[in-house]
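Chain by chain, the residues run as shown.
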Amino acid sequence: QVQLVESGGGLVQPGGSLRLSCVASGSIFSIDAMAWYRQAPDKQRELVAGITSGGSTNYADSVKGRFTISRDNTRNLVYLQMNSLKPEDAAVYYCKLRGRRRIGGPRYDYWGQGTQVTVSS
């Protein structure tokens, strides 16, 4: 079993910053990539940022230049630094891990339970 636990969400004013964290635990042999998604009310879940085991990153156009994803491979942690937050960034943010539970095993996607980010004055 693999568990992901996000933290760091909350209420922030427009222009403010938050740092989200996600820690993975359980039976993980290897992690290929980790990512942050978000879902606002009545909208589809969308990719915010992703990072591979080698450190390559990708971002949604809407957050480029404002958000930064990083990871600590030794502790199975991934972070999302969010700066210059806008009301449209408000959503539940989910952490996703893609990895294997054993050598040569299939890749699976695992999700956290989400953390709420509210941007409002």
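Residues numbered from 1 in each chain as written. Predicted model: local features only at pLDDT ≥ 70, side-chain atom pairs only at ≥ 80, totals over all residues. Heavy atoms only, no water.

(A) The packing of aromatic side chains, seen in detail. This structure, assessed with the given rule, holds two aromatic pairs. Where Tyr37 meets Trp111, the ring centres are 4.9 Å apart and the plane angle is 65°; that geometry is what we call edge-to-face. Note that Tyr37 is positioned in strand β4 (residues 30–39) and Trp111 in strand β10 (residues 107–111), a separation of 74 residues in sequence. Classification of Tyr37 as buried rests on a relative accessible area of 16%. Residue Trp111 is classed as partly exposed on the basis of its relative accessible area, which comes to 37%. Relative to Tyr110, the ring of Tyr108 has its centre 6.3 Å away and its plane inclined at 65°; by these criteria the two rings are edge-to-face. Here Tyr108 falls in the partly exposed class, since its relative accessible area comes to 43%. Residue Tyr110 is classed as buried on the basis of its relative accessible area of 15%. We note Arg45 situated over the ring of Tyr94; from NZ or CZ to the ring centre the distance is 3.7 Å. (Phe/Tyr/Trp six-rings, centres within 6.5 Å; stacked < 30°, edge-to-face > 60°. Helix = DSSP H or I, 4+ residues; strand = E, 2+ residues; numbered from the N terminus. Buried < 20%, exposed > 50% of the residue type's maximum accessible area, 1.4 Å probe, protein only. Lys NZ or Arg CZ within 6 Å of the ring centre and 35° of its normal.)

(B) Layout of the sheet that holds strand β3 (residues 18–26). Here four strands make up an open sheet; going across it, the order is β1-β3-β8-β7 and the pairing antiparallel. With partners counted over all chains shown, the strands left at the sheet margins are β1 (2–7) and β7 (67–72), one partner each. Pairs of neighbouring strands in the sheet enclose a mean axial angle of 15°, with direction left out of account. Here β1 runs beside β3; their pairing, made up of six bridges, is antiparallel. (Pairing = 2+ DSSP bridges. Axes fitted to C-alpha atoms, helices over the stretch in contact; angles between N-to-C directions.)

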